[in-house]
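Working through the structure, step by step
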Amino acid sequence: MRILQKHISITFLFCCFSFFSYSQDIKLGLPLGHTDDVTLAKFSPDGSLVISASQDHTLKLWDVSSGKLLYNLIGHTWFVESAEFSPNGSLLISASDDGTAKLWDVLSGKLLFSLDVHKDGVYYAEFSPDEESIITLSRDGIAKLWSVSKGKLNQNIQIQPSEIETIEISPDGKLIAN
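Here the structure is a predicted model, which means the values were calculated and not measured.

Definitions and cut-offs
Residues numbered from 1 in each chain as written. Predicted model: local features only at pLDDT ≥ 70, side-chain atom pairs only at ≥ 80, totals over all residues. Heavy atoms only, no water. Helix = DSSP H or I, 4+ residues; strand = E, 2+ residues; numbered from the N terminus. Buried < 20%, exposed > 50% of the residue type's maximum accessible area, 1.4 Å probe, protein only. Contact = heavy atoms within 4.5 Å. Areas by Shrake-Rupley, 256 points an atom, 1.4 Å probe, with all protein chains shown as cover. Phe/Tyr/Trp six-rings, centres within 6.5 Å; stacked < 30°, edge-to-face > 60°. Pairing = 2+ DSSP bridges. Axes fitted to C-alpha atoms, helices over the stretch in contact; angles between N-to-C directions. Salt bridge = Lys/Arg side-chain N within 4 Å of Asp/Glu carboxyl O. pLDDT = per-residue confidence, 0-100. Polar contact = N/O pair within 3.5 Å; in protein donor to acceptor, adjacent residues only side chain to side chain.

Take the overall build of the protein next. Helix and strand counts for the protein stand at one helix and 14 strands. Put simply, the protein has 178 residues, and 40% of those count as buried. Sequence-distant contacts in the protein: of pairs separated by 6 or more residues, those separated by 24 or more amount to 35%. Just so you have it, the protein exposes about 10400 Å², and 57% of that area is on carbon and sulfur atoms.

Shown next as structure tokens:
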């Protein structure tokens, strides 16, 4: 009788384990693929994609519906601190402790250009609502306003990096607020 109870118990546990392991279909498991701590994960404006950034110096672009990795974005040489999709979701800007911000094409996963004139780590980058400008914040005490179409610096703004964590550009692109 005791052997039968053990056999039934083991069979029951096996069936429960099998049921639960097959019934839980994980669609998106972050930080799958990263080899170091993930610093952020953000949805695209339409919710169909997720970007994850890591201390392994990479970004990974994921398809939400399938959970598949679309692109491994490689180009930074130090921790990736932030990443933002453009308002229409076609571009991505990443900021890194390597002193650069990089602009990526979301559809192809290609690096469009690198904004690399900061003297210290870049911890934040943001698109203007009209997608014509990018602002970057650095520990060097300077915020920089860039042209998206040209990848050229438009303006330097002196800041106190310890006091500003994020920054916004007004809808018309003419004012900056923190």
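Time to look at the packing of aromatic side chains. Evaluated as defined, the whole model comprises one aromatic pair. Taking the centre distance of 5.0 Å and the plane angle of 10° together, the rings of Trp78 and Phe79 count as stacked.

Let's shift gears to the sheet that holds strand 10 (residues 133-138). Strand order in the open sheet formed by four strands is 9-10-11-12, and the pairing between neighbours is antiparallel. Strands at the two margins of the open sheet, each flanked by one partner only, are strand 9 (122-127) and strand 12 (153-158). Here the average twist between neighbouring strands, direction ignored, is 20°. Bridge count for strand 10 against strand 11 (residues 142-147) is five bridges, and the pairing is antiparallel.

The final tally for this structure, using the stated rule, is one salt bridge. Note that Glu84 is salt-bridged to Lys42, the shortest N-O span being 2.2 Å. With a gap of 42 residues between them, Glu84 in strand 5 (residues 80-85) and Lys42 in strand 1 (residues 38-43) connect regions that are remote in the sequence. Residue class for Glu84 comes out buried when judged on its relative accessible area of 13%. Residue classification places Lys42 among the partly exposed positions, given a relative accessible area of 30%.

To continue, consider the confidence of the model for the protein. Mean pLDDT over the protein works out to 75, with 71% of the residues at or above the 70 mark. Per-element confidence in the protein ranges from a low mean pLDDT of 41 for helix 1 (residues 2-23) to a high of 91 for strand 6 (residues 91-96). Taken as a whole, residues 2-31 scores under 50 in pLDDT and shows 12 contacts with residues more than four places along the chain or in a different chain.

This brings us to the side chain of Ser147. Structurally, the position occupied by Ser147 is in strand 11. Ser147 gets classed as buried once you look at its relative accessible area, which sits at 9%. A polar atom in the side chain of Ser147 sits 3.4 Å from the side chain of Ser149. With residues up to four places along the chain from it excluded, the contact list for Ser147 reads Phe113, Glu132, Lys152 and Asn154.

This brings us to the environment of Ser90. Here Ser90 shows up in the loop between strand 5 and strand 6. A relative accessible area of 26% places Ser90 in the partly exposed class. Separated by 14 residues in sequence, Ser90 and Trp104 have C-alpha atoms that sit 8.7 Å apart.

A word on the sheet that holds strand 6. Taken together, four strands build an open sheet; the order of strands is 5-6-7-8 and the sheet is antiparallel. If you trace the sheet from one side to the other, it starts and ends with strand 5 and strand 8 (111-115), each paired once. Ignoring strand direction, the axes of neighbouring strands in this sheet form an average angle of 20°. Here strand 5 pairs with strand 6 via five bridges, running antiparallel. Each residue of the ladder has a partner; that of Ser82, found in strand 6, is Ala95.

A separate point is the environment of Val148. Take Val148: it is sitting in the loop between strand 11 and strand 12. Along the primary structure Val148 and Ser128 are separated by 20 residues, whereas in three dimensions their C-alpha atoms are 9.5 Å apart. Discounting residues that sit within four places of it in the chain, Val148 has contacts with Leu91, Leu103, Phe113, Phe127, Glu131, Glu132, Ser133 and Ile134.

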